Amino acid sequence: MNQHVLLDLFVLQMAAVQSGRDRFFRSSVRSAPITEHLQAVRFVSTPELTPGTHEMPADSLAGRVDPAFLVYKWQGNSSPTIIFHHGNQEHPFEMGGSARNTFRTVLADGAREIPANLIAIRAPYHRWPTRDYLRRMGDISNFAAMLSASVSLVDSIVEACHDLGSSPVVVSGIGLGGTVTNLHRTYYNTADLYVPLLAGAALGNVFTSSLYRRLVGGQGRRHPELVRELLDFEDDYQKVKTNNVFPLLARHDQYALLDRQSTCYEYHPIRIMERGHFTAALSPLLLRQHVADVLQGNVPAPYTP
């Protein structure tokens, strides 16, 4: 077992201890389809792309939710824009060195090197303490509403960027954010470029077949087929034929399993890191370079399993 696998396992074990009985989908695996969740999202206001943090409360099938976004850098209306969505249980607006925040490490810390506007998305429930978040995740419908509100917010911001003349508009994210990136491409596909990091379109597989299944409780463990039915969207993903997605996966990732998650990308070029999930996340310079390469048109060669 190499160091990459060991770190993924260690982090998973720590998360299992911290979560206690508050496991994903422990109380319910019943939910409307993601498409219905997306259709139901209604924001209280429209996004304004001025510097600073913008709360964007929205009504959803799970009630009122609290996504937000941060315009971290705006260098001009006609400049490219990168919209970045964080991973699970990150705090994308906290810029201190101890904060768990891949937006900071991947993009904000290199902002001077990136010739683009930089916008961070915060998913619903991610302003809350971890325990409160996990309690909400006991019901898979809340998880679906969280994803859908983030995807809908991304779409609103993409539209606002295009209205201002920004080009190209890039949507990217890591882990949970990579899934949001792929969901936006699947059901909207209005951005110019998509750069999902450490994610595919088989999200249900993460919760039922990867190491992450150990964080699933009760109903989720008893009914993995319902988890996959709701959260796997690769059939819809593959119906989108535009050549605008440039994923990055990690060979030793124990959550977004390479052999499983790579299948959704078909003929699209994939960059493979010789890392695990967390050693990849802890390699921000490599992640930043991948996003920058896509922005500049330096795309990787196709991946052959």
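This text follows the structure it describes.
Keep in mind it's a predicted model, so treat the numbers as computed, not measured.

S.K.: So what exactly am I meant to see when it comes to the overall build of the chain here?
M.R.: The helix and strand inventory of the chain stands at 13 helices and eleven strands. Computed over its C-alpha atoms, the radius of gyration of the chain comes to 18 Å, within 12% of the 19 Å expected for a compact globule of 305 residues. Across its three principal axes, the chain shows a C-alpha extent of roughly 50 × 45 × 40 Å. Looking at the chain as a whole, 59% of its 305 residues qualify as buried. Taking as baseline every contact in the chain between residues at least 6 positions apart, the subset at least 24 positions apart corresponds to 72%. Working note: accessible area of the chain is about 12,400 Å², and carbon and sulfur atoms make up 50% of it.

S.K.: How should the sheet that holds strand β1 (residues 42-43) be read in this particular structure?
M.R.: Working definition: the strands of a sheet are paired by backbone hydrogen bonds and lie parallel or antiparallel to each other. If you walk across this open sheet you meet the three strands as β1-β3-β4, and the pairing is antiparallel. If you trace the sheet from one side to the other, it starts and ends with β1 and β4 (63-65), each paired once. Here two bridges tie β1 to strand β3 (residues 58-60), and the two strands are oriented antiparallel to one another. Paired with Arg42 across the two strands is Asp59, which belongs to β3.

S.K.: Sorry if this is basic, but what is going on with the pairing of strand β6 (residues 81-85) here?
M.R.: Along any regular strand, the residues point their side chains to alternate faces of the sheet. Burial within β6 is extensive, with five of its five residues counted as buried. Residue alternation in β6 divides its side chains into two sets, Thr81, Ile83 and His85 and Ile82 and Phe84, and both sets are buried. Alignment of β6 against strand β7 (residues 117-122), held across five bridges, turns out to be parallel. Directly across from Phe84, in β7, lies its bridge partner Ala120. For the crossover from β6 across helix α3 (residues 102-107) to β7, the handedness is right-handed. Sheet topology places β6 next to strand β8 (residues 169-174); five bridges connect them, and they run parallel. From the neighbouring strand, Thr81 faces β8, where its bridge partner is Val169.

S.K.: Just checking my understanding: could you explain the packing of aromatic side chains for this structure?
M.R.: Working definition: an aromatic ring pair is given by the centre-to-centre distance plus the angle between the planes. Evaluated as defined, the whole model comprises 15 aromatic pairs. On the basis of an interplanar angle of 90° and a centroid distance of 6.2 Å, the ring pair of Phe24 and Phe143 is categorised as edge-to-face. Linking Phe24 in the loop between α1 (3-19) and α2 (34-40) with Phe143 in helix α5 (residues 140-164), this pair joins segments that are 119 residues apart in sequence. Its relative accessible area of 2% is what places Phe24 among the buried residues. A relative accessible area of 2% means that Phe143 is categorised as buried. For the pair Phe233 and Tyr237, a centre-to-centre distance of 6.4 Å together with 70° between the ring planes defines the contact as edge-to-face. As far as the burial class goes, Phe233 and Tyr237 line up, both buried. Here a set of aromatic residues connected by ring pairs shows up, and it is made of Phe24, Phe25, Phe143, Phe207, Tyr212, Tyr255 and Phe278. Positioned over the ring face of Tyr237 is Arg185, at 4.8 Å from the centre of the ring.

S.K.: Please clarify how the pairing of β7 should be interpreted in this entry.
M.R.: Where burial is concerned, most of β7 is hidden: six out of the six residues are buried. Along β7, one buried face is formed by Asn117, Ile119 and Ile121 and the opposite face, lined by Leu118, Ala120 and Arg122, is buried too.

S.K.: What am I meant to see in the nonpolar core here?
M.R.: Counting residues in hydrophobic clusters, the biggest one holds 66 residues, and the most contacted among them are Phe24, Phe25, Phe143, Phe207 and Leu231. A per-element tally of this core places α5 first, with 13 residues. Among the nonpolar cores identified, the runner-up in size contains 30 residues, and Phe84, Ala108, Ala111 and Ala281 belong to it.

S.K.: What exactly am I supposed to notice about helix α6 (residues 176-187) here?
M.R.: The α-helix winds at 3.6 residues per turn, so residues separated by three or four positions along the chain end up facing the same way. Taking 1.5 Å per residue, twelve residues should reach 16 Å; α6 reaches 17 Å between its end C-alpha atoms and fits that length. Within α6, eleven of the twelve residues are buried, which leaves the element mostly enclosed by the surrounding structure. Those residues of α6 that sit buried are Leu176, Gly177, Gly178, Thr179, Val180, Thr181, Asn182, Leu183, His184, Arg185 and Thr186.

Calculation criteria
- Residues numbered from 1 in each chain as written.
- Predicted model: local features only at pLDDT ≥ 70, side-chain atom pairs only at ≥ 80, totals over all residues.
- Heavy atoms only, no water.
- Helix = DSSP H or I, 4+ residues; strand = E, 2+ residues; numbered from the N terminus.
- Rg over C-alpha atoms; globule rule 2.2 N^0.38 Å.
- Buried < 20%, exposed > 50% of the residue type's maximum accessible area, 1.4 Å probe, protein only.
- Contact = heavy atoms within 4.5 Å.
- Areas by Shrake-Rupley, 256 points an atom, 1.4 Å probe, with all protein chains shown as cover.
- Pairing = 2+ DSSP bridges.
- Right-handed = clockwise from strand over helix to strand, strands pointing away.
- Phe/Tyr/Trp six-rings, centres within 6.5 Å; stacked < 30°, edge-to-face > 60°.
- Lys NZ or Arg CZ within 6 Å of the ring centre and 35° of its normal.
- Core = buried A, V, L, I, M, F, W, Y, C linked by side-chain atoms within 4.5 Å.
- Expected span 1.5 Å × (residues − 1).

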